[in-house]
Amino acid sequence: MLLTITTTHRPATDLGFLLMKNPANVHAVELPFGSATLFYPEASEERCTAAVTLKIDPVQLVRGKAGLEDQYVNDRPYAASSLLSVALGRLVNTAMGGRSKDRQELADAAIPLEAFITPLPARGGPDLIERLFAPLGYTVEAAPIALDPAHPEWGDSLYVALQLSGTVRLAALLTHLFVLIPVLDNQKHYYIGEAEVEKLLRKGEGWLETHPDRELIVRRYLRFRGLMNRANAALEDKVEAEAPEEASARDAAEDAIEKPIRLNDQRMDRVIGLLKELGAASVLDLGCGEGRLLRELLKVPGVRKITGVEVAPRVLAAAGDRLRLESMPDMKRQRIELLQGSLVYRDDRLKGFDAAAVVEVIEHMDAERLPAFEAALFGHARPAAVIVTTPNAEYNALFESLPAGKFRHNDHRFEWTRTEFRQWAESVALAHGYAVRFEGIGSEDARHGSPTQAAVFTRAEASEGMAA
């Protein structure tokens, strides 16, 4: 079994600092079922690769020293499985936790990474691999391995050579592999008990709770209904505890600061105006909260399809209540749909829209999750136009009730200056084939600009058809 992790981040040899393993050395650990070795087949400024190999003793396995229940010949010594997860936990546990003694800023950053694993059992086939890894922002290539190259008529085995590539944190890649390799294998070599629930929640923190195939991952990882129920309940609590509070508290806190200039009203009016100018007949409201923009969109006759997306079911239910969906006339009700989903995962339900509005949402995302958001929206859903609004950090100096250096809401992960926002938006547009223009929303100050800044992204080939 072979796992390699490669980066082209410059200098690429910083991968050694992230893994806390010197590229000049070979690193080995003893395990209950054999040994694992990490070494670097290449290490240059331009490209660095760390390789992990497992040497498994089949005798130790069948004697039960590793807790394996299957007392017969199997693929355990030869294929990636939970044995690999154990090895990663021993070899690169610090890196998996996102810690780096000498390069913490790099450990916190998304960098270009490729992972290659072979042979990998894929009980569920290439489609399942795509479902598990693509929503996390990876490009997935799974090459089937023949049962016997000398007899191609026998067809392919259930094993693949898997390559993942993406711009992610190294800790995220390692935790994704740690959890999802056993899920693909669909069996573990050790006893599954209460400790496995805690391990899954710990390793899945920040991504598993909103993964589109969360229930399948939990089922395959834990196997037993009682453990699955406990894990799903804990994951659901995480979603509900964070997002609903964020939606209601965000509105109240930001309104208190921005209300004197009626900024929210101006923002909604301008977003609606932009959607009308674009001629959008189908609109996504991503991070719709409790439905402010949705309510305004229903008043626009030319918008025939409106879809609101929110991660928290309780917030989505509140949006439905505020919109009075249950008592809404049928003609109007047919125009609107509410979907539970995460903005950082690829979702086929969000394809085919004329426009997407992302109003005061991105500043609530951790910066390392922005690449996944960009890939999901601009790379996968690819609406003809996207409108993104976010606070202008320069204008904060003019809010008398906002202390210097503070964000407009304590849930904001960042607030960008106009230059920072422009740099981000232009890089996204260039990477995904969009044009972008900028404007301010609210009264403009000669020095500090407008309180809200907006970017309007358009795909040339799509916007022509939308306008028609």
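This report concerns the structure included in the present document.

Conventions we followed
- Residues numbered from 1 in each chain as written.
- Predicted model: local features only at pLDDT ≥ 70, side-chain atom pairs only at ≥ 80, totals over all residues.
- Heavy atoms only, no water.
- Helix = DSSP H or I, 4+ residues; strand = E, 2+ residues; numbered from the N terminus.
- Buried < 20%, exposed > 50% of the residue type's maximum accessible area, 1.4 Å probe, protein only.
- Contact = heavy atoms within 4.5 Å.
- Polar contact = N/O pair within 3.5 Å; in protein donor to acceptor, adjacent residues only side chain to side chain.
- Arc of directions from axis to C-beta.
- Axes fitted to C-alpha atoms, helices over the stretch in contact; angles between N-to-C directions.
- Parallel < 35°, antiparallel > 145°, perpendicular 65-115°, else oblique.
- Left-handed = near helix turned anticlockwise from the far one by under 90°.
- Core = buried A, V, L, I, M, F, W, Y, C linked by side-chain atoms within 4.5 Å.
- Salt bridge = Lys/Arg side-chain N within 4 Å of Asp/Glu carboxyl O.
- Pairing = 2+ DSSP bridges.
- Phe/Tyr/Trp six-rings, centres within 6.5 Å; stacked < 30°, edge-to-face > 60°.

Some points on the environment of Arg335
Reasoning step 1: Considering the arrangement of structural elements, one finds Arg335 in the loop between α14 (330-333) and β10 (336-340).
Reasoning step 2: Judged by relative accessible area, which is 16%, Arg335 ranks as buried.
Reasoning step 3: Linking Arg335 and Thr307, residues 28 residues apart in sequence, is a C-alpha distance of 8.4 Å.
Reasoning step 4: Not counting residues within four places of it along the chain, the set of residues in contact with Arg335 comprises Leu297, Leu298, Val300, Val303, Arg304, Lys305 and Ile306.
Reasoning step 5: A polar contact is formed between the side chain of Arg335 and the backbone oxygen of Val300, at a distance of 2.9 Å.

Comments concerning helix α6 (residues 125-133)
Reasoning step 1: Taken residue by residue, α6 has Gly125, Leu128, Ile129, Leu132 and Phe133 as its buried positions. Looking straight down α6, one finds its buried side chains confined to an arc of 115°; they lie on one side.
Reasoning step 2: Of the surrounding secondary structure, the elements contacted by the buried residues of α6 are β6 (139-146), β7 (156-168), α7 (170-185) and α9 (214-222).

Some points on the packing of α6 against α7
Reasoning step 1: Two elements in contact, α6 and α7, have axes whose closest approach is 11 Å; the angle formed by their N-to-C orientations is 155°. Compared by their axis directions, α6 and α7 come out roughly antiparallel. Classified by chirality, the crossing of α7 by α6 is right-handed. Side by side, α6 and α7 meet where Leu128, Ile129, Leu132 and Phe133 of the first sit next to His176, Leu177, Leu180, Val183 and Leu184 of the second.

Some remarks on the nonpolar core
Reasoning step 1: Phe133, Leu170, Leu222, Ile362, Phe373, Trp424 and Phe457 are the most contacted members of the largest nonpolar core, which totals 105 residues.
Reasoning step 2: The dominant element in this core, judged by the number of residues it contributes, is α7, at 10 residues.
Reasoning step 3: Filtering out sequence-adjacent residues up to four positions away, Phe457 remains in contact with Phe378, Ala384, Ala385, Val386, Val388, Trp424, Ala425, Val428, Ala429, Tyr434, Ala435 and Val436.
Reasoning step 4: Counting residues in each nonpolar core, the second largest holds 27 residues, with Leu274, Leu278, Ile336 and Val359 among its members.

Observations regarding the pattern of salt bridges
Reasoning step 1: This model, assessed by the stated rule, comprises 22 salt bridges.
Reasoning step 2: Salt-bridge contacts for Asp366 lead to Arg413; the nearest nitrogen and oxygen are separated by 2.8 Å. Taken together, the residues span a long stretch of sequence, with Asp366 in the loop between β11 (355-359) and α15 (370-381) and Arg413 in the loop between β12 (385-391) and α16 (418-432) at a distance of 47 residues.
Reasoning step 3: Owing to a relative accessible area of 40%, Arg413 belongs among the partly exposed residues under this scheme.
Reasoning step 4: Put simply, Arg270, Glu277, Arg437 and Glu439 are held in one network by salt bridges that share partners.

Focus on the pairing of strand β4 (residues 48-56)
Reasoning step 1: With respect to burial, β4 is a largely interior element, seven of its nine residues being buried.
Reasoning step 2: As paired strands, strand β1 (residues 2-7) and β4 are joined by six bridges and run antiparallel to one another. Across the sheet, residue Leu2 finds its bridge partner in β4, namely Thr53.
Reasoning step 3: Here eight bridges tie strand β3 (residues 34-43) to β4, and the two strands are oriented antiparallel to one another. In the sheet register, Ser35 faces β4, and the bridge partner there is Lys55.
Reasoning step 4: Joining the antiparallel neighbours β3 and β4 is a turn of four residues.

A word on unusual backbone geometry
Reasoning step 1: Of note, the bond from Arg10 into Pro11 is cis; its omega dihedral lies within 30 degrees of zero at -10°.
Reasoning step 2: Turning to its location among the elements, Pro11 is positioned in the loop between β1 and α1 (15-19).
Reasoning step 3: Residues Thr118 and Pro119 are joined by a peptide bond in cis, for which omega reads -15°.
Reasoning step 4: With respect to the helices and strands, the residue Pro119 is situated in strand β5 (residues 111-121).
Reasoning step 5: Even without being glycine, Arg324 reaches a positive phi, approximately 55°.
Reasoning step 6: Summarising the element assignment, Arg324 is placed in the loop between α13 (313-323) and α14.
Reasoning step 7: Although it is not a glycine, Arg382 sits at a positive phi angle of roughly 50°.
Reasoning step 8: For Arg382, the location among the structural elements is in the loop between α15 and β12.

Considerations on the sheet that holds strand β8 (residues 282-286)
Strands in a sheet are paired, the pairing made by backbone hydrogen bonds, and the direction either parallel or antiparallel.
Reasoning step 1: Taken in spatial order, the seven strands of this open sheet run β10-β9-β8-β11-β12-β14-β13, and their pairing is mixed. Unpaired on one side and paired on the other, β10 and β13 (435-441) mark the two borders of the sheet. Looking at each pair of strands side by side, their axes are set apart by 20° on average, direction ignored.
Reasoning step 2: Bridging between β8 and strand β9 (residues 305-310) involves five bridges; their strand directions are parallel.

Some thoughts on the environment of Gly279
Reasoning step 1: As for its position among the elements, Gly279 is in the loop between α11 (263-278) and β8.
Reasoning step 2: The partly exposed category is assigned to Gly279, whose relative accessible area is 36%.

Topic: the packing of aromatic side chains
Ring pairs (aromatic) are described by centroid distance and by the angle formed between their planes.
Reasoning step 1: In the structure shown here, the tally under the stated rule is 11 aromatic pairs.
Reasoning step 2: A centroid spacing of 5.4 Å and a plane angle of 90° characterise the contact between Phe378 and Tyr434, whose relative ring orientation is edge-to-face. Residue Phe378 is found in helix α15, and its partner Tyr434 is found in the loop between α16 and β13; the two are separated by 56 residues along the sequence.
Reasoning step 3: The exposure class of Tyr434 is buried, given its relative accessible area of 7%.
Reasoning step 4: Where Phe421 meets Phe438, the ring centres are 6.1 Å apart and the plane angle is 75°; that geometry is what we call edge-to-face.

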